[in-house]
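# Observations on chain architecture
The primary structure of each chain is shown beneath.
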Amino acid sequence: MDGLFVFINQLINGLQVGSIYALVALGYTMVYGIVKLINFAHGDFIMVGAYLALFSVPMLLGAGLPAILVIVLVIVMSVIGCSLLGMATERIAYKPLRGSPSLSVLITAIAVSLFLENLFMILFSSASKPFPAIISANPISIGKIQTNAVTIITIALSIVCMICLQLFIKKTRMGKAMRAVSEDAGAAMLMGCNSNVTISMTFAIGSGLAAVAAVMYCSAYPLVNPYMGSMLGLKAFIAAVLGGIGIIPGAMLGGFVIGLVESLTKAYISSYLADAVVFGILIVVLLVKPTGILGKNVGEKV
């Protein structure tokens, strides 16, 4: 029985980590779904969101605000900052390259990633900074099953974000414009859609989701440094590919699967092999079903 409780605890841990991957993967999949761009700088938006949260928390705590209000304001401030950064990055780095070869865009995305990492290393040094506790981490026990408030909030928040995003895409005018630009940007413009505004909004939403993931990640693992987004971003990219990049429910599913696989590998095989297993999944998916779990093979006329 003890083994069963350990297994359940590992599942809960995996869902927590997977929720963070899912939030980041949603940003990847939105940008790819609209402009067919894999934004490898997306992981560094997480890092920027973490630093924004790091510097806003002491100010808000010093104002004597209630804990729940501090959490909300920290997330809002990080989302606003990362959304503005995402829009600026799209306008400055990616917009001039529309219609260019995909290799040029890929190199630019890597350059933006390196620029952000080195800029923050120069500004704040490479040393990790402790992230203050804003969510009570006291354990919550149900029999022998243990969790904490951070885990519950992270899982719930990621599910709420996915539902809200899905409703936004399906029900709102801007969401319909995003789907139209994704299908055929030229035809969408002829029908009155402003593709520039639509693409900027896509980057803003994706970057905002990265900021939410940053706050949740730092609440669970309270250290912030300029390189924290690199591996996190890569694993979220694998989650997006696994679920079916460009498909919002697929990003969520892929995030949870990667989180569970990583948690169970650390518990039952080796913590040193967890990353290898995750990247092995990417290789298998690309070999067996490149479109991902929820993706569909689409024929192309020549």
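Residues numbered from 1 in each chain as written. Predicted model: local features only at pLDDT ≥ 70, side-chain atom pairs only at ≥ 80, totals over all residues. Heavy atoms only, no water.

- By the naming in an unreviewed UniProt entry, the protein goes by Branched-chain amino acid ABC transporter, permease protein and is assigned to Anaerotruncus colihominis DSM 17241.
- The Sequence similarities (unreviewed entry) field of the UniProt record for the protein holds the comment "Belongs to the binding-protein-dependent transport system permease family. LivHM subfamily."
- UniProt's Subcellular location (unreviewed entry) comment on the protein is quoted here verbatim: "Cell membrane". (UniProt positions renumbered as here; feature names shortened; annotations may be inferred.)

## Structural notes on the UniProt feature "transmembrane region" (unreviewed entry) in the protein
- In the numbering used here, UniProt assigns the "transmembrane region" (unreviewed entry) feature to residues 20-38, 45-61, 67-89, 101-125, 145-169, 199-224, 236-261 and 268-288.
- This span, residues 199-224, is 85% helix and 8% strand, and a straight line between its end C-alpha atoms measures 30 Å.
- Annotated as 76% helix and 0% strand, the span residues 268-288 places its first and last C-alpha atoms 26 Å apart. (Helix = DSSP H or I, 4+ residues; strand = E, 2+ residues; numbered from the N terminus.)

## Some words on the packing of helix H5 (residues 149-171) against helix H10 (residues 248-268)
- Here H5 crosses H10 at 165 degrees, and the two axes come no closer than 10 Å. With respect to H10, the element H5 is oriented roughly antiparallel. The hand of the H5/H10 crossing is right-handed. Along the contact surface, H5 presents Ser158, Ile159, Met162, Leu165, Gln166 and Ile169, while H10 presents Ile248, Pro249, Met252 and Phe256. (Axes fitted to C-alpha atoms, helices over the stretch in contact; angles between N-to-C directions. Parallel < 35°, antiparallel > 145°, perpendicular 65-115°, else oblique. Left-handed = near helix turned anticlockwise from the far one by under 90°. Contact = heavy atoms within 4.5 Å.)

## Quick word on the packing of helix H3 (residues 67-94) against helix H8 (residues 195-220)
- In contact at an axis separation of 7 Å, H3 and H8 are set at 140 degrees when each is read in the N-to-C sense. By the angle between their directions, the pair H3 and H8 is classed as oblique. Considering how the two elements wind past one another, H3 and H8 form a crossing that is right-handed. Packed against H3, whose contacting residues are Val74, Ile75, Ser78, Val79, Cys82, Ser83, Gly86, Met87, Glu90, Arg91 and Tyr94, the element H8 presents Asn196, Ile199, Ser200, Phe203, Ala204, Ser207, Gly208, Ala211, Val212, Val215 and Met216 at the interface.
- For the contact of H3 with H8, the residue count by class is 13 nonpolar, 7 polar and 2 charged. (Nonpolar A, V, L, I, M, F, W, Y, C, P; charged D, E, K, R; others polar.)

## A word on helix H4 (residues 102-124)
- With 23 residues, H4 extends 33 Å from end C-alpha to end C-alpha; this agrees with the ideal 33 Å at 1.5 Å per step.
- Along H4, the positions that sit buried rather than exposed are Val105, Thr108, Ala109, Val112, Ser113, Leu116, Glu117 and Phe120.
- The inward-facing, buried residues of H4 abut helix H2 (42-62), H3 and helix H9 (228-243).
- Directly after H4, the chain includes Ser125, whose backbone phi takes a positive value near 70 degrees. (Expected span 1.5 Å × (residues − 1). Buried < 20%, exposed > 50% of the residue type's maximum accessible area, 1.4 Å probe, protein only.)

## Considerations on the environment of Glu262
- In this structure, Glu262 sits in helix H10.
- We classify Glu262 as buried; its relative accessible area is 5%.
- Counting along the chain gives 245 residues from Glu262 to Val17, while the straight-line C-alpha distance between them is 8.7 Å.
- A distance of 2.6 Å separates the side chain of Glu262 from the side chain of Tyr21, its partner in a polar contact.
- Polar contacts involving the side chain of Glu262 include one to the side chain of Lys235, which spans 2.7 Å. (Polar contact = N/O pair within 3.5 Å; in protein donor to acceptor, adjacent residues only side chain to side chain.)

## Some remarks on unusual backbone geometry
- One non-glycine residue, Ser125, lies in the positive phi region at around 70 degrees.
- Examined against the element boundaries, Ser125 turns out to sit in the loop between H4 and strand S1 (129-130).
- With a relative accessible area of 32%, Ser125 lands in the partly exposed category.

## Quick notes on the packing of aromatic side chains
- What the rule picks out here adds up to 9 aromatic pairs.
- Consider the rings of Phe120 and Phe124, whose centres lie 5.6 Å apart with planes at 45 degrees: the pair is tilted. Of this pair, Phe120 and Phe124 both sit in helix H4, 4 residues apart, roughly one helical turn.
- Residue classification places Phe124 among the partly exposed residues on the basis of a relative accessible area of 23%.
- In this structure, Lys36 packs its charged tip against the face of Tyr32, placed 5.9 Å from the ring centre. (Phe/Tyr/Trp six-rings, centres within 6.5 Å; stacked < 30°, edge-to-face > 60°. Lys NZ or Arg CZ within 6 Å of the ring centre and 35° of its normal.)

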